[in-house]
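Remarks on the overall topology
So the chains spell out like this:
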Amino acid sequence: LDKFIDERTKLEKEEMNGKHAYDMLMQDVKAQIEQATQERGEKAETKAKKLQAKADEEGELTDTTSTKEADEKYLADLTATCQQKASDFESRQQLRAEEIEAIQKAIE
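Scope of this entry: the structure provided in the associated data block. (Residues numbered from 1 in each chain as written. Predicted model: local features only at pLDDT ≥ 70, side-chain atom pairs only at ≥ 80, totals over all residues. Heavy atoms only, no water.)

1. Overview of the overall build of the chain
- Summing up its helical and strand segments, the chain has one helix and zero strands in all.
- Relative to the compact-globule value of 13 Å for 108 residues, the chain shows a C-alpha radius of gyration of 46 Å, a clear excess of over 25%.
- Over its C-alpha atoms, taken along the principal directions, the chain stretches across nearly 155 × 15 × 10 Å.
- Across the 108 residues in the chain, those meeting the buried criterion constitute 0%.
- Here the chain contributes 18 positively and 27 negatively charged side chains, and the mean placements of these two sets differ by 6 Å. (Helix = DSSP H or I, 4+ residues; strand = E, 2+ residues; numbered from the N terminus. Rg over C-alpha atoms; globule rule 2.2 N^0.38 Å. Buried < 20%, exposed > 50% of the residue type's maximum accessible area, 1.4 Å probe, protein only. Lys, Arg positive; Asp, Glu negative; His and termini not counted. Charge placed at Lys NZ, Arg CZ, Asp CG, Glu CD.)

Below you can see the structure in the form of structure tokens.
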């Protein structure tokens, strides 16, 4: 009978140790799952923020590009206008010089 009680006690200890090991393993697995879920949520949030930032920057790039193109067109138009006015001024200066010369010849 003592042998049976000793063996039963031994088996109960082994079972308790096995149950404890199982409980510890389950607790560890649950903690890993919780950690992985939290990390996934953080990564998803980071990804969403990055995508939003990218969209904002692309919109800003489009605005900047269109503004630059408009400024370049304005510069080209302004340069052409200035060149035309300079050319007209030179022509008028030449004409005035010729008129002055003709007037001086007429005076003489």
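There's more to say after this.
2. Let's talk about the pattern of salt bridges
- Inspection of every chain in the model, using the stated rule, returns eight salt bridges.
- A salt bridge links glutamate 72 to lysine 68, with the shortest nitrogen-to-oxygen separation between them at 2.8 Å. One end of the pair, glutamate 72, and the other, lysine 68, are both in helix α1 (residues 2–107), four residues apart, so they sit about a helical turn from each other.
- We classify glutamate 72 as partly exposed; its relative accessible area is 43%.
- In this structure, the salt-bridge partner of lysine 73 is aspartate 77, at a minimum N-O distance of 3.0 Å. Of this pair, lysine 73 and aspartate 77 both sit in helix α1, four residues apart, roughly one helical turn. (Salt bridge = Lys/Arg side-chain N within 4 Å of Asp/Glu carboxyl O.)

3. Focus: a nonpolar patch on the surface
- Nonpolar side chains collect at one region of the surface, where Leu1, Phe4 and Ile5 lie side by side and expose about 360 Å² of accessible area between them.
- Secondary-structure assignment places isoleucine 5 in helix α1. (Patch = residues over 30% accessible without salt bridge, like charges linked within 9 Å, V, L, I, M, F, W, Y side chains within 5 Å. Areas by Shrake-Rupley, 256 points an atom, 1.4 Å probe, with all protein chains shown as cover.)

4. Thoughts on the environment of serine 66
- One can find serine 66 in helix α1.
- A distance of 2.9 Å separates the side chain of serine 66 from the backbone oxygen of aspartate 63, its partner in a polar contact. (Polar contact = N/O pair within 3.5 Å; in protein donor to acceptor, adjacent residues only side chain to side chain.)

5. A closer look at a negative patch on the surface
- Side chains of Asp56, Glu57, Glu60 and Asp63 sit close together on the surface and give a patch of like negative charge.
- Counting through the fold element by element, glutamate 57 comes out in helix α1.
- Among the residues examined, glutamate 57 registers a relative accessible area of 56% and is labelled exposed.

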